[in-house]
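Okay, here's what each chain looks like letter by letter:
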Amino acid sequence: MDAAADVTGTIPLRRAAYTDAAVFRSEQQRVFAGG
Amino acid sequence: MFAHQLPDAGDQIPVQAAGLPLVAVRDRAGNVRVFHNVCRHRASLVVPEPVRSQPTLRCPYHGWAYALDGALRATPLWDGQRVPNPAALDRTQLGLRQVRCGVWSDVVWIDLSGTAPPLEDHVAPLTTLWQGYDMTTLRLAHYETGQIEANWKLAIEASIENYHEPFVHEKLPARLDTAQPTFTEVAQGAMFGFVTPADAALRSDTPLVPLRDPTAHRCDNLCYLFPNGQQNLFGGLAVRTIWLPLGVDRCEWRTSWYLVGDAADDDTHRPARDAMVAFWRQLRVEDKRAIEWMQRGRASPVADNLLLSPFWERSIGTFHLLWRARMGDATDA
């Protein structure tokens, strides 16, 4: 658990969620294609 | 996309969802249908560009034509004959692949998996939150699109906190003069965002959305329906935005603005509409700049272990929780 979680109870997404093409492809499938 | 973009039967617009080529169509019964935009012959795009009032969806490569319900109707010259022998090809199983979709709040919602819960369930938290408003009075006043060189999630995060407003948007009313929040987070199911008292509202000369109960408490609403549907309601103005991921560091917004009744298109309210458009364009310019700064910052390896303000940014945390729940074990992001 990092500092943000201590303060807010939520953990901001890591930079890979915004910059990694592999994460983007997974996101397309899991978030937008539902599978 | 929005249903208003398909006003007449036979209107067809190619769209992308989850990186897949789709086409949205208004059929003869007036319903919006969505198909995979892929010809069953050689997988050419059937509708590469928007068209209006066409009787069929016609593939430009070899002329295969599909009815507005997706059924394959014509395969010209398939067997070399000017009048093809129907026995040469069984068309009955070669219709366009349909995608489950529904229209709510003028937005066309697409379910590529075909297994999502009913659309009414998905939007229920927002219909409940707004049940006091007569939304049937709203009409389209303006539509606009734009692109941002940033991940789509940063764009959404920038619009569900008002921490940045006094620093990025000088024209917005100050909401920092109290130790108590002037807003309340909302989070239920797919819905997240916040509401503020109407006295902090963006003001306009257009009529307010009527309340079903005139004594009900009016609020401004900045809400989302996960993953990418933004639904705002400010007094007499509804703003609906679809955020489309175009790449890991690029996204597009498509926004429709709605006003009450004739205010959406009459001459009397033209100055107010023009002021509204100018105001929102300025907001978008200012937001785009800030969002792109966040994306550029994330090029650095030190851009981790970031912070969310417990006062202002709880809705971003809610958004992240919904995202993580959908991503499952696909990432440790």
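Residues numbered from 1 in each chain as written. Chains lettered and ligands numbered in written order. Predicted model: local features only at pLDDT ≥ 70, side-chain atom pairs only at ≥ 80, totals over all residues.

A short note on the overall build of chain A
Phase 1: Summing up its helical and strand segments, chain A has three helices and zero strands in all.
Phase 2: Helices (α) and strands (β) of chain A occur, in sequence order from the N terminus, as α-α-α.
Phase 3: In chain A, buried positions account for 31% of the 35 residues. (Helix = DSSP H or I, 4+ residues; strand = E, 2+ residues; numbered from the N terminus. Buried ≥ 20, exposed ≤ 12 C-beta atoms within 10 Å, placed from the backbone.)

Points about the interface of chain A and chain B
Phase 1: With 28 residues of chain A in contact, the opposing surface of chain B contributes 35 residues.
Phase 2: Of all the elements in the fold, those that place two or more residues in the side of chain A that touches chain B are α1 (3–8), α2 (16–19) and α3 (21–32) of chain A.
Phase 3: For the side of chain A that touches chain B, the element with the highest residue contribution is α3(A), accounting for 10 residues. (Contact = placed C-beta atoms within 7 Å.)

Observations concerning the sheet that holds strand β6 (residues 72–74) of chain B
Strand pairing within a sheet occurs via backbone hydrogen bonds; the two strands may be parallel or antiparallel.
Phase 1: Reading across the sheet, the three strands line up as β4-β5-β6 (chain B) and stay open at both edges, with antiparallel pairing between neighbours. Edge positions in the sheet fall to β4 (57–58) and β6 of chain B, since each of these pairs with one other strand and no more. (Pairing = 2+ DSSP bridges.)

Notes on the sheet that holds strand β2 (residues 20–26) of chain B
Residue and element names in this part refer to chain B.
Phase 1: Read from one edge to the other, the open sheet built from five strands follows the order β1-β2-β3-β7-β8, with strand pairing classed as antiparallel. The two strands at the open ends of the sheet, each matched to only one other strand, are β1 (12–17) and β8 (107–111). The average undirected angle you get between the axes of adjacent strands in this sheet is 30 degrees.
Phase 2: Where β1 lies against β2, six bridges are found, and the strand directions are antiparallel. Each residue of the ladder has a partner; that of A17, found in β2, is L20. (Axes fitted to C-alpha atoms, helices over the stretch in contact; angles between N-to-C directions.)

Here's the deal with the confidence of the model for chain A
Atomic detail in the predicted coordinates should be set aside for any region of low pLDDT.
Phase 1: Averaged over all residues, the pLDDT of chain A equals 79, while 69% of them reach at least 70.
Phase 2: Taken together, the stretch residues 1–7 of chain A has pLDDT below 50 and engages in 15 contacts with residues farther than four places along the chain or on a different chain. (pLDDT = per-residue confidence, 0-100.)

With respect to the environment of B:E170
Phase 1: Checked against the element boundaries, B:E170 lands in the loop between α3 (165–168) and β10 (184–188).
Phase 2: Taking the C-alpha atoms as reference points, B:E170 and B:A290, separated by 120 residues in sequence, lie 14 Å from one another.

Focus on the packing of α3(A) against helix α5 (residues 314–327) of chain B
Phase 1: At a closest axis distance of 8 Å, the pairing of α3(A) and α5(B) adopts a crossing angle of 95 degrees. Considering the angle they form, α3(A) stands roughly perpendicular to α5(B). Residues A:S26, A:E27, A:R30 and A:V31 of α3(A) form the contact with α5(B), whose own contacting residues are B:W323, B:R326 and B:M327.
Phase 2: Along the lines of polarity and charge, the residues of the contact of α3(A) with α5(B) split into three nonpolar, one polar and three charged. (Parallel < 35°, antiparallel > 145°, perpendicular 65-115°, else oblique. Nonpolar A, V, L, I, M, F, W, Y, C, P; charged D, E, K, R; others polar.)

Focus on the confidence of the model for chain B
Phase 1: Chain-level pLDDT for chain B is 93 on average; 95% of the residues reach the 70-or-more range.
Phase 2: Here the predicted complex carries an ipTM of 0.90, next to a pTM of 0.92.

Quick word on the nonpolar core
All names here are of chain B.
Phase 1: Residues L22, V23, A24, V46, A155 and I160 are the most contacted members of the largest nonpolar core, which totals 63 residues.
Phase 2: The element that contributes the greatest number of residues to this core is helix α2 (residues 152–158), accounting for five residues.
Phase 3: Those residues in contact with A155, other than ones at most four positions away along the chain, are I148, A150, W243, C251, W253 and I291.
Phase 4: Grouped together as the second largest cluster of nonpolar side chains are 14 residues, Y133, A238, Y258 and V260 included. (Core = buried A, V, L, I, M, F, W, Y, C linked by C-beta atoms within 7 Å.)

With respect to α5(B)
Residue and element names in this part refer to chain B.
Phase 1: Compared with an ideal rise of 1.5 Å per residue, which puts 14 residues at 20 Å, α5 spans 20 Å between its outermost C-alpha atoms and is within 8% of the ideal.
Phase 2: Within the sequence span of α5, burial applies to R314, S315, I316, G317, T318, F319, H320 and W323.
Phase 3: Positive backbone phi, approximately 55 degrees, marks G328, located one or two places after α5. (Expected span 1.5 Å × (residues − 1).)

A word on the pairing of strand β3 (residues 32–36) of chain B
Residue and element names in this part refer to chain B.
Phase 1: In this structure, β2 lies alongside β3, joined through five bridges in antiparallel fashion. Each bridged residue has a counterpart across the sheet, and for V25 the counterpart in β3 is R33.
Phase 2: Linkage of β2 to β3, two consecutive antiparallel strands, is achieved through a turn of five residues, within which G30 is found at a positive phi near 95 degrees.
Phase 3: Here β3 pairs with strand β7 (residues 98–104) via two bridges, running antiparallel. In the sheet register, F35 faces β7, and the bridge partner there is Q98.

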